[in-house]
Every structure is written in C-alpha cells, then in structure tokens.
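# Descriptive structure summary
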Amino acid sequence: MELAGLISYLIFFLTFVGIYGLLALGLNSQWGYTGMLNLGIAAFFAVGAYTTAIVTTAPTDLHAGGLDLPFPIGMAAAMVTSGLLALGIGLITVNLRADYLAIASIGIAEIVRLVLKNATEVTNGVRGLPSIPRPLTDLWPGYGEALYLLIVLLLVVVVYLASERAYRAPWGRVLRAIREREPAARAMGKNATLFRLQAFVFGASIMGLGGAAYAHFVGFISPEAFDPLFATFLVWVMLIVGGSGNNRGALIGAAVVWLIWTLTETAVQQLPENMVTQAAALRTLLIGLFLQAVLILRPRGILPERPPTEVAPPAK
Amino acid sequence: MLVDILQLTLYGIVLGSIIALGAIGVSLTFGILGFANFSHGDLMTSGAYIAFTVYTLLALPLWLAFPAGMLGAMAVALAIDWAFYSRLRRSKGLILLISSFGAALIIRSLVQIVWGPDNQVYEPGIQMAVRFGEDIVGSPGLRIKPDQVRILIGAAVLVSAVHVFLRYTRMGKAMRAMADNPDLARLTGIDTKRVIVWTWVIGAGLAGAAGVFLGLDTRLHPDMGWFILLPIFAATILGGIGRPYGAIAGGLVIGIAQELSTLQIPPDYEPLVNPAYKPAVAFAIMVLMLILRPTGLFSGRST
Amino acid sequence: MALLEVDAVTGGYGEADILHDVSLRVEEGEVVAIVGPNGAGKSTAMKAVFGLVTIRQGQIRFRGEDVTGLSPDRVVRRGISYVPQTDNIFPSLSVDENLDMGAFLRRDGIAAQKAHVYDLFPPLQAKRRQPAGTLSGGQRQMVAMGRALMLEPGLLLLDEPTAGLSPKFMDQIFDIVRTVHASGVGILMVEQNAKQALALADRGYVLAMGRNRYEDRGQALLQNSEVAEMFLGG
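The structure reproduced in this document is the subject of the present report. (Residues numbered from 1 in each chain as written. Chains lettered and ligands numbered in written order. Predicted model: local features only at pLDDT ≥ 70, side-chain atom pairs only at ≥ 80, totals over all residues. Heavy atoms only, no water.)

All names here are of chain C. Strand order across the open sheet formed by four strands is E2-E1-E4-E5, with antiparallel pairing between neighbours. Here the strands that pair on one side only, and so sit at the sheet edges, are strand E2 (19-26) and strand E5 (65-66). Here five bridges tie strand E1 (residues 4-12) to E2, and the two strands are oriented antiparallel to one another. If you follow Val-6 over to E2, its bridge partner there is Leu-24. (Pairing = 2+ DSSP bridges. Helix = DSSP H or I, 4+ residues; strand = E, 2+ residues; numbered from the N terminus.)

Attention now moves to the packing of aromatic side chains. Under the definition given, this model contains 29 aromatic pairs over all chains. Consider the rings of Phe-165 of chain B and Trp-198 of chain B, whose centres lie 5.2 Å apart with planes at 25°: the pair is stacked. Residue Phe-165 of chain B is located in helix H6 (residues 146-168), and its partner Trp-198 of chain B is located in helix H9 (residues 192-217); the two are separated by 33 residues in the primary sequence. What makes Phe-165 of chain B buried here is its relative accessible area of 15%. Take Trp-198 of chain B: its relative accessible area is 34%, and that puts it in the partly exposed class. Taken together, a centroid distance of 5.2 Å and an interplanar angle of 35° make the contact between Phe-50 of chain C and Tyr-82 of chain C tilted. Of the two residues, Phe-50 of chain C is situated in the loop between helix H1 (42-49) and strand E4 (54-62) and Tyr-82 of chain C in strand E6 (residues 80-83); the sequence distance between them amounts to 32 residues. Residue classification places Phe-50 of chain C among the buried positions, given a relative accessible area of 0%. Linked through ring pairs, Tyr-9, Phe-12, Phe-16, Tyr-20, Phe-45, Tyr-50, Phe-71, Tyr-148, Tyr-214, Phe-217, Phe-226 and Trp-258 of chain A together constitute an aromatic cluster. (Phe/Tyr/Trp six-rings, centres within 6.5 Å; stacked < 30°, edge-to-face > 60°. Buried < 20%, exposed > 50% of the residue type's maximum accessible area, 1.4 Å probe, protein only.)

Another aspect to go through is the interface of chain A and chain B. If you look at the interface, chain A gives 41 residues, while chain B gives 42 residues. The contact between chain A and chain B buries some 3600 Å² in all, and 82% of this surface belongs to carbon and sulfur atoms. When the buried surface of chain A facing chain B is broken down by residue, Tyr-100, Ile-103 and Gln-292 of chain A rank first, second and third, together holding 18% of it. Where chain A touches chain B, the interface holds one residue pair in polar contact (both at pLDDT 80 or more). Counting residues per element, the side of chain A that touches chain B draws most heavily on helix H4 (residues 98-118) of chain A, at 15 residues. When its residues are assigned to classes, the side of chain A that touches chain B shows 29 nonpolar, eight polar and four charged. (Contact = heavy atoms within 4.5 Å. Buried area = accessible area lost by both parts, 1.4 Å probe. Polar contact = N/O pair within 3.5 Å; in protein donor to acceptor, adjacent residues only side chain to side chain. Nonpolar A, V, L, I, M, F, W, Y, C, P; charged D, E, K, R; others polar.)

Pairing between side chains becomes possible if they bear opposite charge and their charged atoms approach one another. For the structure on display, the rule yields 26 salt bridges over all chains. Of the charged contacts, one joins Glu-265 of chain A and Arg-283 of chain A as a salt bridge, the two residues approaching to 3.8 Å between their closest N and O atoms. Linking Glu-265 of chain A in helix H11 (residues 247-269) with Arg-283 of chain A in helix H13 (residues 279-297), this pair joins segments that are 18 residues apart in sequence. The class of Arg-283 of chain A is buried, set by a relative accessible area of 13%. Among the ionic contacts, a cluster of salt bridges with common partners joins Lys-173 of chain B together with Asp-96, Asp-100, Lys-114 and Arg-128 of chain C. (Salt bridge = Lys/Arg side-chain N within 4 Å of Asp/Glu carboxyl O.)

Before going further, it helps to examine the interface of chain B and chain C. Taken residue by residue, the interface counts 18 residues in chain B and 23 residues in chain C. The largest contributions to the chain B side of the interface with chain C come from Arg-170, Leu-187 and Thr-188 of chain B, which together make up 35% of the buried area. The interface formed by chain B and chain C contains two salt bridges. Asp-100 of chain C is paired through a salt bridge with Lys-173 of chain B; the nearest N and O atoms lie 3.1 Å apart. At the boundary of chain B with chain C, the tally comes to six residue pairs in polar contact (both at pLDDT 80 or more).

All names here are of chain C. Over its 16 residues, helix H7 (residues 167-182) extends 23 Å from the first C-alpha to the last, a length consistent with the 22 Å expected when each residue adds 1.5 Å. Those residues of H7 that sit buried are Phe-169, Met-170, Ile-173, Phe-174, Ile-176, Val-177 and Val-180. All buried residues of H7 lie within an arc of 155° about the axis, which places them on one face of the element. Residues of H7 that are exposed and angled more than 90 degrees away from the buried face: Pro-167, Lys-168 and Ala-182. On its buried face, H7 sits against helix H4 (110-120), helix H6 (137-149), strand E7 (155-159), strand E8 (186-190) and helix H8 (194-200). (Expected span 1.5 Å × (residues − 1). Arc of directions from axis to C-beta.)

The subject of this paragraph is the packing of helix H3 (residues 71-93) of chain A against H4 of chain A. All names here are of chain A. Put simply, H3 and H4 touch, their axes get as near as 11 Å, and they point 145° apart. Judged by the twist between their axes, the crossing of H3 over H4 is right-handed. In contact with Leu-85, Ile-89 and Thr-93 of H3, H4 contributes Leu-101, Ala-104, Ile-108 and Val-112. The class makeup of the residues in the contact of H3 with H4 is six nonpolar, one polar and no charged. (Axes fitted to C-alpha atoms, helices over the stretch in contact; angles between N-to-C directions. Left-handed = near helix turned anticlockwise from the far one by under 90°.)

Below is the structure:
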C-alpha cells in the first residue's frame, strides 16, 4: 500500500480513536467514578451530533436550525444540550439502584432515536442531516484530515487532563467513596446525590462533545449512525477492556478495541462472497464474544484502576 | 368512541399478554439470578425464529412449531447461562447485566446470520379479522383476528400453568423462595443450582412463546425482541421485581396503555400519541413508577 | 465427644480477621449462650460454624466430624440449622410454605415434623396460609425458627433472636427457646440481651474483641461481678 494512502488511513483511524476516546472518557466519569451504569450513551452521542449539526449548517428547508454558526459554538452547544438531557434524566434516576438506571438509560436512548427518526421537521428523519462543515478547511489546503485529527486529539488531551484533575481532587475522592458505599459517604446523604449528578452530567456533556466531533468529521449524520451497537456497546467494551475507573484505561481501551473492530472488518472481508452481506452481523458476533471473554478472563481490563494513595487516615 | 376504546383495549390485552409473558421471565431472572437480563428480548426472537424454521422448512403444524420455539428458547438460554453467566456468578449483578447486553447482541447477530435481516412471517398474506359483539357495544362491533384469539388463549394457558407450578410444586415454591430471599434459600439447603436451571427453563420457555405470539401478531425480524424489551422492563418494574404475578398485571397495564395512547378524540383528530412513539408510553409509565414507587405496585424488592 | 467443638479458630470476612483463637463447645441437648459487647465477634463466631466465614486457623467439629470451611448447604445437611438475625423468613410465602422450604432437603416425615412445629408454636396454626411477611415480629421469629427445625437438626444456631423485639415478645422468644431446648435440640445462641440469655442457658461464653474472655455455667456468669461490670450493664 502506498505511503500516502497508508497515512491517510492512519489519520482516519486515529480520528475515530479520538472520537471514541472522548466517549470512553465520558463513560468513565459516569461508570468509573460513580458506578452509574449508563446504557444510553447513544442518546448523548446523538444529541451532541445533531445539536452541532443544527447549529453549524447553512440555512436549509430540510431541517431545523441552519444557524451557520462557527465550529466552537457548535461544540459548546453540543455539550450544553447533552448535559441538559443528562440533568433531566439524572434528576429522576441518580439515586436509583444501578440496574434501574441501566434500564432507564436504554429507554432514553430509544426515545431519542424515535424522536430523531420521527421529528422530521427538526432532524430530517431517517434521511439524515448532510453537509455538516469541517472546520478550518481553508487553513491548510490538502491537509484538512490531518488538521481535524489534531483538533480531535487536542480535545481528547484537554478532556483527559480535566478529568484527571477532577479525579485526584477532593471531588474525585468523594465520588470514589460514594461508589464504594463507604459509611463516610453515606453520612453525607443529600450531597452524595449532587456529586453523582455532577459526574453524570459532566460525563454526558463529554459524550455530546464526542458526538459533535463525529458529526463534523463524517459530515453527514442519521439516526442509523447511533445504533446501540456502535454508539453504546462498543464504548462499553472499550472501557472494560481498557480498565474501568481510570481515564488512561479508557483511552487505551478506545484504541485497542477500535483496532480490533477494524480488524473484524478485514477478517469478515476474507469470507466467501455470499457471507459478506452478513458482515455487520458477523462483526457484531465477534465483538460480543470478545466482550464475554474479557469479562470472564480479565474483568479488570488492561489497566486496572489504581486510585491515588490516600493521605487521609482510613475511615473508622 | 366507546367502541374505539374497547377495541384499543382489546388490542392492548393482546399486546399486554405478550409483554406479560416476557415480564414474568424477566421478573424471575431478576429476582432469582440477581440481574436485569438484557438478552431476554432476544430469547423471544430466537423462539420465534426456531418455531419459524419448524413451521416453514420442516412443514410441521403450528401447534408443534410452537413448543419447538419454546424448547429452542430454553436451549439458547441454558447455553448462554453455561457459557457466560455461570462463570460470572460471583461477580456483581452489574457485570452480569453488561454480559447480558453482550449476549443479546450475540443472539441477535446469530439470528441474522442464520435467517437473514429481512422480515419474515409465519403465514403470507393478511389474516381477516372477525367481527363480534355488535349487539353489545353497537355497530360496527369489535374486531379480532383468529391469531389474536390463539394468542390470548395460549397466554392464558401458559400463565395458568406457571401459576400452578409456582404455587403447588416443590420447585415452584423454591423458586419463589429464592426470589424472595436468595441468601436464606441457600442457608435453608435449597438446591440453588437446580433452581437456576428451572428459572431459565420457565423464563425462556415463556419468552419463546411470547416470541412466537409476537411473530404471529406482527412479523419476524431480528430486532423484534429488542424492540419490545423496554415495555417488558417497564412491566417488570411496574409489577415489582421478583413478583411474577405482578409482572402479569404490569404487562397488561403497559399493553393497554400503549394501545390506548393512540386513541383519537374525537375520531377525526390526531391520536393522543403518535403511534411511532408507543414505546415512549411504556417508558413514561416506568419513569413514573421509579419516581413514585420503585418497589412496584405489588411491593417487590427495591434497593 | 461434644455435639459441637470450635477449636482455636481464627478467621473473618475477606482480609481482616475478626476471631482470634476462639474456642467453644456445645454438648448434646445443651443451651449455650454467647454474649459480649458490640463488635465482640459473637455473630461471627456463630457464622463460622455455619460456613459463612473464612477460617484461617483452627478446626470446627460437629459430632466428631470436621466441618471446618464447609459451605452452608453442606453444613445444613450435617444437621446444623441456622436462623439469621434479619431477613430470616420468606415474606411472600405463607407460613406453611416457609416450613415446606425448611424441609426442602427431606423426602419423608415432613407432615409429621410440621405438626410438631405447629405444636411448638401454636399461634402459627391460625396463620398457616398467611404470607409470612404480614406477621408480627414475634410471630416472624417463630416462623424463622420453625423453618430451621424442619430438618430436625441436632444443633440450632440462633443469631440474636430477640433483636428489635418489644419486651413482651422477648419473653415469648425465650419461652420458645426453652420449649425447643426441652425437645432435645442443642442450641447455640448469640444474644445482646445477656442477662436473660445467661439465665436460661446451661453454659455461656463471653467474647470480647474476637477473643474468649470468660466461660462458665450460665448462672455463674450472671453472678460474676467482673462480667456484670463489663457487659451486663444495668
């Protein structure tokens, strides 16, 4: 394969790793930090993507918005809307047992998907939203992809640093205590709700950011793109494989699993012609089996969580 | 308009029966095995498709294909439990939940690989509905399809059988005991491994039946079970976890609510809820329950 | 050979040890009480017998056979029944069904043993079809104990049977313990209510900080001034 083609592919690959990295970091803020089991990642992913699309595309009859605003505003709006959605859901579910939250989050994802498909004046339904602009395309002609990769990587770095900061700060310690249900945390009562809500909303807005990054990269979005497999399950596999409870694990998991996911595509293409139409199903099967293997054999992941050494004396 | 309400209620009871069959299984696995089984919908799908193969390819009559579907779903559930859940028994319920999410995708992709992604039906063509009750409710009376009658009868028979099993057999009582208090069950000497096997047999058997019914009432599609999973969970929560009887009531409530939500008042206007959003009705009811009474209408276990 | 011998047992849950070198003994048909301050490891000592605790050192023998570290479902087959402090009934099952579950491991003689249990606990007769969760605290304890007796155990483990009960029911429970004792079953009982427990027990052990402190006949411990000062309070 030609070098230019290889580099181009690598850029494409790494950009997706970056986007999924954002999603995984967001999920870690929810599951890793507070043990909230969010199976509706797709909802926040989609809301972020559609928000930025509506905000940044040119005026059109196909869908709502078309405000033609610049890229950073689209990103910010994406974070705000997904954060608000999370706030709404969180207020209802934050103190529920984790499996109820899981069910409720699946419900949200389904509702969001239904709305995206059916509120056609706003979203153009199943036909999707085209022509989402790529930022800074004039800045470096011919190298637009590489530039966009840099933007995504920058976002990942910023989010990673912010998340790590929060994790090591007292805020993070409180969250870990709440997650482990330590008596000291329980004594805080109401405040525990606030902390978990914060982590949940924070994580969701990062997922929204990931959605926005996706929208601007691919240029076209439709409800199909936010299928539970790609948008939710894959992110979970990434977090579990990488090591839940820690941000580095989230990023490593994103890279490793996206690599495996890409390899399944190659593997499936080796099959005889008549089976290739089932490619998607075969890849789903493989990644599903892969997750089970990880859960059974190495549930702590590649990088198990190592909380920073506690300075305070252990709670009595 | 009374006729419309009654008609929609009738449809709701049919749909609710299907949901109830699924919810009983989810309630039992939730209560006894300790996790929300996200692959339950796909157990329904596998039952529907296995029955489909027996019916169309082997050309056996429906009354044989139906139990084949149930047995098939049981086999799938036991295989999944052996392959995955049994190795995760010591893990927290949330790990099992994630595993069941993976199992759901595995089953669904296998169904798609074997049977293809397109819609299938047991019988081609549209079945004619039968009119009845014109004298009681006035013209034009109520409509029901023969398949729907079969579904209602089948569901009633299955639910009665489960009731007898849970109430009067030793294993049934052991299952109820384990759903009530799994730790005490172990301390008492109840054979928890056998109870787990029976839980899958009953839960998956009912799921398989529900899948066939769903396929009869609508059509077969690899996603069919997944789409009905949310109403099933809503029904389970409504009835209370570990409360199979509550699940029946929950299923009927959800089914009727979903159908009634499309009522048009008055007849020319838009339906109350756009039919495309019917699952949202189930979800709204569930959220209401979670806020007001998370233990369910019949006080199942909560935290 | 004693009915139950706990021989220098050290263990706990997970990493930390709660019991250190704890020994105790129950003879056939005896009532033995374990008392002590909060956190003394009383319940843990009892749970160790039933296989609910990780044992790192020592041995537990029942009728001479080594039962150390056996899982609870094996222990119950040997003839030891355990009544936990809380969550000790199946609330949605009827009283009768609770007893049926107690007899799960039996194939025969269930009806006879049930009749015996109803004789022991007359108030339950009228409530046999009622869901156990709807009964009063005292009656629930009866169901819990009745359930444990269905297997006709040689040894009954009672974990704080009067916890959370009003004084009237406390007396009732102690009466029941006497009745069960009279039928020949050995009883090992952990109790917060040290005075009444020691008064009714044949022998007692006082544990503190996971170790043996005192062992004597029940009455003797009651009259021991050091014990009274330390644990019996008022």
